[in-house]
Amino acid sequence: MSEKVLVTGGAGYIGSHACKVLKAAGYVPVTYDSLVTGWRGAVKFGPFEQGDLMDRGRLDEVFAAHQPVAVMHFAALSQVGEAMSEPGKYWRGNVCASLNLIEATLAAGVRDFVFSSTCATYGDHDGVVLDEDTPQLPLNAYGASKRAIEDMLVDFGNSDGLNSVIFRYFNVAGADPDTEVGEFHQPETHLVPLILDAIDGGRDALTIYGTDYPTEDGTCIRDYVHVMDLVDAHVQGLNWLRAGNGPTKGGTERFCLGTGKGFSVREVVAAAGSVTNRAVPMKDGERRAGDAVKLVSGSAKAGRVLGWSPDRSTMPQMIRDAWRWHQNGGYEQ
Ligand code: UDP
């Protein structure tokens, strides 16, 4: 019988894509999601268990029912703007919830854990390319909450033998090329879907958050990764842990998932205009609080250790797949 993997946040953007590739890799992904921000319609590749991470009883019940061999933890609050105005929501919803999940994981006897972290844990490093050893100095409660969970995994590795892989994502974009799943947030806050929405008339214009940053064109620079490449890394990381390559007596390996190439907001807008062959209505706006100037990965570790190769992460490919999803995909609300 196929082994099961508990996927928290499996009804969300990245989690749903992870379920697709887990299934293709021979696992049964069991989605655990509160549906506060996820979509029931995104759960297509394995069983669904509705529940909140704060509900320890429900977590224990789901572990007992499915006996997963590992956990992939995607469920999180992830909006920088909201984290600036409501930090308590992030400390409770990300940190306390993850503590509950880790304790439930250990109580169920599961020791392999894959965690979705972020380059927002780094903060501003004055244009330096970021790798696994760069100090983490988050600028907002979102990054701080993810850093705290990383620290927790280290501690539980030492105390209880939890083996974990931590992936620090750079900016995730694109969608499943088959349009079975895709990016669907409400409200949407991410750059690529907002650009596509502006192109399509779903909103008046894209607002560029800050045009006076110390970059060539004055806008922020990010390193964009195709969501399918990103979730491939998770399956590779999981298999790597399960094959006993990881820190088998408890410990953590961290990997940055980026391409090493930065794009400014204006460059992403221009690429979207050219891929879709449509004009992008846009206007200049104020800086968004909590945004770092430049976040670019300088790491080759995931390639070296896991054999990860982000081949689909070109800007035209990400926009093409996101555009196809934008035009053909969606979930019932
Ligand atoms: N951005 C923008 N306008 C928008 C949304 C985002 O100019 O309507 C910029 C944002 O300031 C950042 C980049 O696009 O520099 C990527 O933002 P996103 O929210 O997609 O991801 P984040 O970097 O916050 O994870």
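Caption draft 1: Local environment of the sheet that holds strand β9 (residues 221-222). Taking strand neighbours across the sheet as the criterion, the 3 strands line up as β12-β9-β14 in an open arrangement whose pairing is mixed. The open sheet has two edge strands with one neighbour each: β12 (263-264) and β14 (294-295). Pairing geometry for β9 and β12, over 2 bridges, is antiparallel. Bridged to Arg 222 within β12 is Phe 263.

Caption draft 2: Focus on the pattern of salt bridges. Scanning the entire structure with this criterion turns up 20 salt bridges. A salt bridge links Lys 20 to Asp 176, with the nearest nitrogen and oxygen atoms 3.2 Å apart. Linking Lys 20 in helix α1 (residues 13-24) with Asp 176 in the loop between β7 (171-173) and α6 (191-199), this pair joins segments that are 156 residues apart in sequence. The same class applies to Lys 20 and to Asp 176, which are both buried. For Asp 284, the salt bridge is made with Arg 266, and the minimal N-O distance between the two is 3.5 Å. Residue Asp 284 is located in strand β13 (residues 282-285), and its partner Arg 266 is located in helix α8 (residues 265-276); the two are separated by 18 residues in the primary sequence.

Caption draft 3: Spotlight on the site of the ligand. With respect to spatial proximity, 15 residues lie near the ligand, and among them Leu 191, Thr 207, Arg 222, Arg 288 and Asp 291 are the closest. Measuring from an oxygen atom of the ligand, one finds a backbone N or O atom of Thr 189 at 3.3 Å. In this structure, an oxygen atom belonging to the ligand sits 2.8 Å away from a side-chain N or O atom of Arg 288. About the coverage of the ligand: the protein hides 89% of its 510 Å² of free accessible area. When residues of the shell around the ligand are traced back to their parent elements, those giving at least two are α6 and β8 (206-209). Here the shell around the ligand is composed, by residue class, of 8 nonpolar, 4 polar and 3 charged.

Cut-offs and rules
- Residues numbered from 1 in each chain as written.
- Predicted model: local features only at pLDDT ≥ 70, side-chain atom pairs only at ≥ 80, totals over all residues.
- Heavy atoms only, no water.
- Pairing = 2+ DSSP bridges.
- Helix = DSSP H or I, 4+ residues; strand = E, 2+ residues; numbered from the N terminus.
- Salt bridge = Lys/Arg side-chain N within 4 Å of Asp/Glu carboxyl O.
- Buried < 20%, exposed > 50% of the residue type's maximum accessible area, 1.4 Å probe, protein only.
- Near = heavy atom within 4 Å.
- Polar contact = N/O pair within 3.5 Å; in protein donor to acceptor, adjacent residues only side chain to side chain.
- Areas by Shrake-Rupley, 256 points an atom, 1.4 Å probe, with all protein chains shown as cover.
- Nonpolar A, V, L, I, M, F, W, Y, C, P; charged D, E, K, R; others polar.

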